[in-house]
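# Geometric and topological summary
In case you want the letters, here they are:
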Amino acid sequence: MPTEPEAAATPAAPTAAAPAGDAPVYPDLAGKVAVVTGGSRGIGAETGRALAAQGVAVCLVGRDRPALFEVADSIGKEGGNAIGVVADVTDAAALGRVAERVADELGPVDILAAFAGSPGEPTPTPELTEERWRQILDADLTSAFLTIHTFLPGMVERFSGSILTLSSAAGRQPGQANLAHGVANAGLTMLTRQLATELGPQGIRVNCLAPTTVRTEKVTATMSKELQHKAALRHPLRRLAEPTDVASAALFLASDAAGYLTGVTLDVAGGRITN
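Because the structure is predicted, anything quoted here is derived from the model rather than measured.

Thresholds applied
- Residues numbered from 1 in each chain as written.
- Predicted model: local features only at pLDDT ≥ 70, side-chain atom pairs only at ≥ 80, totals over all residues.
- Heavy atoms only, no water.
- Helix = DSSP H or I, 4+ residues; strand = E, 2+ residues; numbered from the N terminus.
- Buried < 20%, exposed > 50% of the residue type's maximum accessible area, 1.4 Å probe, protein only.
- Lys, Arg positive; Asp, Glu negative; His and termini not counted.
- Charge placed at Lys NZ, Arg CZ, Asp CG, Glu CD.
- Arc of directions from axis to C-beta.
- Pairing = 2+ DSSP bridges.
- Right-handed = clockwise from strand over helix to strand, strands pointing away.
- Contact = heavy atoms within 4.5 Å.
- Axes fitted to C-alpha atoms, helices over the stretch in contact; angles between N-to-C directions.
- Core = buried A, V, L, I, M, F, W, Y, C linked by side-chain atoms within 4.5 Å.
- Polar contact = N/O pair within 3.5 Å; in protein donor to acceptor, adjacent residues only side chain to side chain.

## Quick notes on the overall build of the protein
When helices and strands are tallied, the protein shows 8 helices and 7 strands. When its C-alpha atoms are laid out on the principal axes, the protein stretches across 50 × 40 × 40 Å. Relative to its 275 residues, the protein shows a buried fraction of 49%. With 22 positive and 29 negative side-chain charges, the protein shows a separation of 7 Å between the mean positions of the two kinds.

## So, helix 7 (residues 225–233)
Residues of helix 7 that are buried: Gln 228, Ala 231 and Ala 232. The arc enclosing the buried residues of helix 7, seen along the axis, measures out at 100°, which places them on a common side. In helix 7, the exposed positions that point more than 90 degrees away from the buried face belong to Glu 226 and His 229.

## Observations concerning the pairing of strand 3 (residues 81–86)
Here strand 3 lies mainly inside the structure; 6 of its 6 residues are buried. Residue alternation in strand 3 divides its side chains into two sets, Asn 81, Ile 83 and Val 85 and Ala 82, Gly 84 and Val 86, and both sets are buried. The pairing of strand 2 (residues 57–62) with strand 3 spans 6 bridges and is parallel. The partner of Gly 62 across the bridge, within strand 3, is Val 86. Crossover connection from strand 2 via helix 2 (residues 65–77) to parallel strand 3: handedness right-handed.

## Digging into the sheet that holds strand 3
One open sheet holds the 7 strands; their spatial order is 3-2-1-4-5-6-7, and the pairing between them is parallel. Looking at strand neighbours, the two that pair on one side only are strand 3 and strand 7 (265–266), the edges of this open sheet. Both strand 6 (residues 204–209) and strand 7 contribute to a ladder of 2 bridges, which runs parallel. Directly across from Cys 208, in strand 7, lies its bridge partner Thr 265. Each of strand 2 and strand 3 is contacted by helix 2, which is oriented at about 170° to strand 3, the strand it contacts most.

## Quick look at the environment of Val 33
Structurally, the position occupied by Val 33 is in strand 1 (residues 33–37). Separated by 74 residues in the primary sequence, Val 33 and Gly 107 place their C-alpha atoms 6.9 Å from one another. Beyond its immediate sequence surroundings of up to four residues, Val 33 is in contact with Val 56, Ala 57, Val 102, Leu 106, Gly 107, Pro 108, Val 109, Asp 110 and Ile 111.

## Observations regarding the nonpolar core
Counting residues in each nonpolar core, the largest one holds 36 residues, and the members touching the most others are Leu 51, Val 58, Leu 60, Phe 115 and Leu 209. For this core, the secondary structure elements donating two or more residues are strand 1, helix 1 (42–53), strand 2, helix 2, strand 3, strand 4 (111–114), strand 5 (161–166) and helix 8 (243–254). In terms of residue count, the dominant contributor to this core is helix 8 (7 residues). Each residue touching Val 58, except ones within four places of it in the same chain, is listed here: Ala 34, Val 36, Gly 48, Leu 51, Ala 52, Asn 81, Ala 82, Ile 83 and Leu 106. Among the nonpolar cores identified, the runner-up in size contains 30 residues, and Val 85, Val 109, Ile 148 and Leu 195 belong to it.

## Some remarks on the pairing of strand 2
By the criterion of burial, strand 2 is predominantly enclosed, with 6 of the 6 residues buried. By the alternation rule, side chains of strand 2 split into Ala 57, Cys 59 and Val 61 and Val 58, Leu 60 and Gly 62, which are all buried. Pairing geometry for strand 1 and strand 2, over 5 bridges, is parallel. In the sheet register, Val 33 faces strand 2, and the bridge partner there is Ala 57. The handedness of the strand 1 to strand 2 crossover, carried by helix 1, is right-handed.

## Comments concerning the side chain of Thr 47
Within the fold, Thr 47 resides in helix 1. In terms of polar contacts, Thr 47 uses its side chain to reach the backbone carbonyl oxygen of Ile 43, at 2.8 Å. Not counting residues up to four positions away in its chain, the partners in contact with Thr 47 are Phe 115, Ala 247 and Ala 250.

Encoded structure:
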């Protein structure tokens, strides 16, 4: 059952927190508005933080109310501008209500990061039910389509925008993830290419990020250190990705520094995916 959108407290000051350490600064991002789905934890949450640190007003969308509001509040405490909106991104009506809230509180959307998705648990295909197949395709692929479909008209009207999708290594080559997850993630790369071709003449760029195993909260909680070490050894860089690795790539693709890139699937894979 979709949850009625609800906001966390919005910080009064629109100023951004300074990017941590030696993080690149993208001055063109300051003052823009972004929507990030899957924003309650992991890659989505870290991307929201990274955008806010660049001066972007961020709307984080997710279903876990406490986690979502915790991220939005933490951004506010760092001097950023963020709201959290609870919604099911497989529900077009719920996304429509999110769009209304963003328009009222933050303004027109410049950056759209459709990052919600399923974890891709390994399931042998004979055990993959039709119901689960449909759930995964909805969570991974349909959610991205509906999110983009909701916010695209405003970008077309303004003749500008940067859209980011989130695939994974499972969509780039066969692996241990279940069949539906691999197929849906492969579909995200084609969705990206098709939209980039269609929307380029209208001033809108569309790019995709495809990470391998990322050391999110879920991975550290469910994957032993031994398994993490073994997984790291399968990467030429000999480590797993951190959420900040993916967020940094997202910043680049969203910014004018990548102004001539569209239709790209960027493998944030530590060298594991090379084609």
